[in-house]
Amino acid sequence: MFDKSAGHFMKALVVAGLAMGAAGVAEAKEWRAWNIHVEGYPNTVAMDKFAELVNEKTGGSLTITNYHGGVLGNQPDAIEQVRIGALEVGNFNLGPMGTVIPETNVVSLPFIFKDLPHMHRVLGSEAGATIRKGMEDKGLVPLAWYDSGARSFYNSKKAINTPADVAGMKIRVMNNELFTGMVGALGGDGSPMAFSEVYQALKTGVVDGAENNWPSFESTGHFEVAGYYSLTQHLIIPECVCISKTAWDSLSDAEKKAVEEAAVESATLQQKLWAERSELSKQKVIASGVKYNEIADKAAFQNAMKPVYEKYIAANPDQAALIGQMQAVQ
């Protein structure tokens, strides 16, 4: 004879099990992360570590799948996708953010940072908090800062020791009027050009030089056609591990803590790997015969940038205080 009470009990267990399963599915979060860099690059290794740590620290309640090599679109598009919540995570350079987040444009001012350690001190200061707030107001929550090195001039003509050495040179720059203005203030001709075209332009003399960090100078083969590298370190633009504010707000306090810890740990790894990669690239190009020179006193270059700053502040008067804060950090 069938026991109705037992049947009700079994039915209750099944319903409870289904409910628990549904709750588990609802609670588990799966995020996608954008990264422009290729496999083996310091940022890529660090982003993979970030995803691993997030899964570990959240006990599997949150998993992140990284899409490297820019397969989910170009950087400006990806920034917008994360801002509106269509993507959850991005490893972004702050340079392309300036058009939508004014506070991030200041990091593209020449010589705003003295060196990499100074950049990190600024980002950890009140000025850094202002930049973070500007990003959050536009939908991006920066959890940690990655290094992208210091950009210096290289060319096929001669060593650059003073601003006068740049005079008359045609230098490829990124497509930003700050950078064309920077080269113009040194007496050169700043020429915006797609990065993929730079090698051939250097080889054929369409441009005399360009500017970038050690790993980019080496990995692109630009050192083969530009035999002089001068350590001006005129641009130091940070990168971030950024979370969509929509995704961030969906997390519990415990999950937020776990994700932030994972991002900071990945940044420590990225900075270590970046320093190692930079040194290896430097030694490789010097060994190839590239003539490398340091510039002990960059004051002349910095002073030459006054018109660039004056023009920028005239167009962005509300950022004058932020620039002052950044320059005041020792």
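Whatever comes next refers back to the structure up there.
In what follows, the accompanying structure is described. Please read these numbers as outputs of a predicted model, since none were measured by experiment.

How each quantity is defined
- Residues numbered from 1 in each chain as written.
- Predicted model: local features only at pLDDT ≥ 70, side-chain atom pairs only at ≥ 80, totals over all residues.
- Heavy atoms only, no water.
- Buried < 20%, exposed > 50% of the residue type's maximum accessible area, 1.4 Å probe, protein only.
- Helix = DSSP H or I, 4+ residues; strand = E, 2+ residues; numbered from the N terminus.
- Arc of directions from axis to C-beta.
- Contact = heavy atoms within 4.5 Å.
- Polar contact = N/O pair within 3.5 Å; in protein donor to acceptor, adjacent residues only side chain to side chain.
- Expected span 1.5 Å × (residues − 1).
- Pairing = 2+ DSSP bridges.
- Right-handed = clockwise from strand over helix to strand, strands pointing away.
- Axes fitted to C-alpha atoms, helices over the stretch in contact; angles between N-to-C directions.
- Phe/Tyr/Trp six-rings, centres within 6.5 Å; stacked < 30°, edge-to-face > 60°.
- Salt bridge = Lys/Arg side-chain N within 4 Å of Asp/Glu carboxyl O.
- Core = buried A, V, L, I, M, F, W, Y, C linked by side-chain atoms within 4.5 Å.

Let's talk about helix H3 (residues 75–84)
Then comes step 1: Burial in H3 covers these residues: Gln75, Ala78, Ile79 and Val82. Along H3, the residues classed as buried sweep out an arc of 105 degrees about the axis, all on the same side.
Then comes step 2: Taken together, the buried residues of H3 touch strand S1 (29–35), strand S3 (89–93), strand S4 (140–146) and strand S10 (239–244).
Then comes step 3: For H3, the capping residue at the N-terminal end is asparagine 74, with a side-chain oxygen 2.9 Å from the backbone nitrogen of aspartate 77.
Then comes step 4: Positive phi shows up at glycine 85, right after H3, with a value of about 90 degrees.

Things to note about helix H2 (residues 42–57)
Then comes step 1: Look at H2: 22 Å from first C-alpha to last across 16 residues, which is about the 22 Å you get at 1.5 Å a residue.
Then comes step 2: Among the residues of H2, Pro42, Asn43, Thr44, Ala46, Met47, Phe50, Ala51, Leu53 and Val54 are the ones counted as buried.
Then comes step 3: Along its buried surface, H2 packs onto S1, strand S2 (62–67), S3, S4, S10 and helix H11 (253–287).
Then comes step 4: Directly beyond the C-terminal end of H2, a positive phi value near 65 degrees is found at glycine 59.

Let's talk about the side chain of serine 230
Then comes step 1: If you trace the backbone, serine 230 turns up in strand S9 (residues 228–235).
Then comes step 2: Here isoleucine 160 takes part through its backbone nitrogen, which lies 2.9 Å from a polar atom of the side chain of serine 230.
Then comes step 3: Not counting residues within four places of it along the chain, the set of residues in contact with serine 230 comprises Ser152, Phe153, Ala159, Ile160 and Asn293.

Thoughts on the pairing of S2
Then comes step 1: Judged by which residues are buried, S2 turns out to be one-sided: Leu62, Ile64 and Asn66 face inward and are buried, whereas Thr63, Thr65 and Tyr67, on the alternate face, are not.
Then comes step 2: When S1 meets S2, the two strands line up parallel, connected through six bridges. Considered in S2, the bridge of glutamate 30 is made with threonine 63.
Then comes step 3: Since S1 and S2 lie parallel, the crossover through H2 that links them has a hand, and here it is right-handed.

Observations concerning the sheet that holds S10
Then comes step 1: If you walk across this open sheet you meet the five strands as S2-S1-S3-S10-S4, and the pairing is mixed. The sheet terminates laterally at S2 and S4, the two strands that pair on one side only. Along the sheet, successive strands turn relative to each other by an average axial angle of 25 degrees, direction set aside.
Then comes step 2: Contacts from H3 reach S1, S3, S4 and S10, with the element oriented near 135 degrees to S3.
Then comes step 3: Here helix H6 (residues 126–137) sits on the sheet and contacts S4 and S10; the angle it forms with S4, its principal contact strand, is near 140 degrees.

Quick word on the packing of aromatic side chains
To describe a pair of aromatic rings, you give the distance between the ring centres and the angle between the ring planes.
Then comes step 1: Considering all chains together, one arrives at nine aromatic pairs under this definition.
Then comes step 2: Ring centres 4.4 Å apart and planes at 40 degrees place the aromatic pair tyrosine 154 and phenylalanine 217 in the tilted group. Separated by 63 residues along the polypeptide, tyrosine 154 in strand S5 (residues 151–155) and phenylalanine 217 in helix H9 (residues 214–219) bring together distant segments of the chain.
Then comes step 3: Residue tyrosine 154 is classed as buried on the basis of its relative accessible area of 1%.
Then comes step 4: Accessibility expressed as a relative area gives 0% for phenylalanine 217, which makes it buried.
Then comes step 5: Relative to tyrosine 229, the ring of tryptophan 214 lies with its centre 4.0 Å away and its plane at 20 degrees, an arrangement referred to as stacked. A residue pair is termed long-range when its members are at least 10 positions apart, and tryptophan 214 in helix H9 and tyrosine 229 in strand S9 qualify at 15 residues.

Notes on the pattern of salt bridges
Then comes step 1: Scanning the entire structure with this criterion turns up twelve salt bridges.
Then comes step 2: Between glutamate 255 and lysine 29 there is a salt bridge, and its shortest N-O distance comes to 3.3 Å. Here glutamate 255, found in helix H11, pairs with lysine 29, found in strand S1; they are 226 residues apart in sequence, far enough to count as distant.
Then comes step 3: The class of glutamate 255 is buried, set by a relative accessible area of 10%.
Then comes step 4: Overall, the relative accessible area of 19% leaves lysine 29 in the buried class.

Thoughts on the nonpolar core
Then comes step 1: With 51 residues, the main nonpolar core has Phe92, Met97, Val106, Ile131, Met135 and Met326 as its most contacted residues.
Then comes step 2: If you tally residues by element for this core, the top one is helix H7 (residues 177–185), at four residues.
Then comes step 3: With near-sequence residues (within four places) excluded, methionine 97 lies in contact with Ile79, Phe92, Thr104, Met135, Leu140, Cys240 and Cys242.
Then comes step 4: In this structure, Ala46, Ala51, Val141 and Trp248 belong to the second largest nonpolar core, which totals 24 residues.

Some remarks on the environment of methionine 47
Then comes step 1: Residue placement: methionine 47 occurs in helix H2.
Then comes step 2: Sequence separation between methionine 47 and isoleucine 243 is 196 residues, and the spatial gap between their C-alpha atoms is 13 Å.
Then comes step 3: Those residues within four positions of methionine 47 in sequence are excluded, and the remaining contacts are Ala33, Asn66, His68, Val89, Asn91, Tyr146 and Val241.

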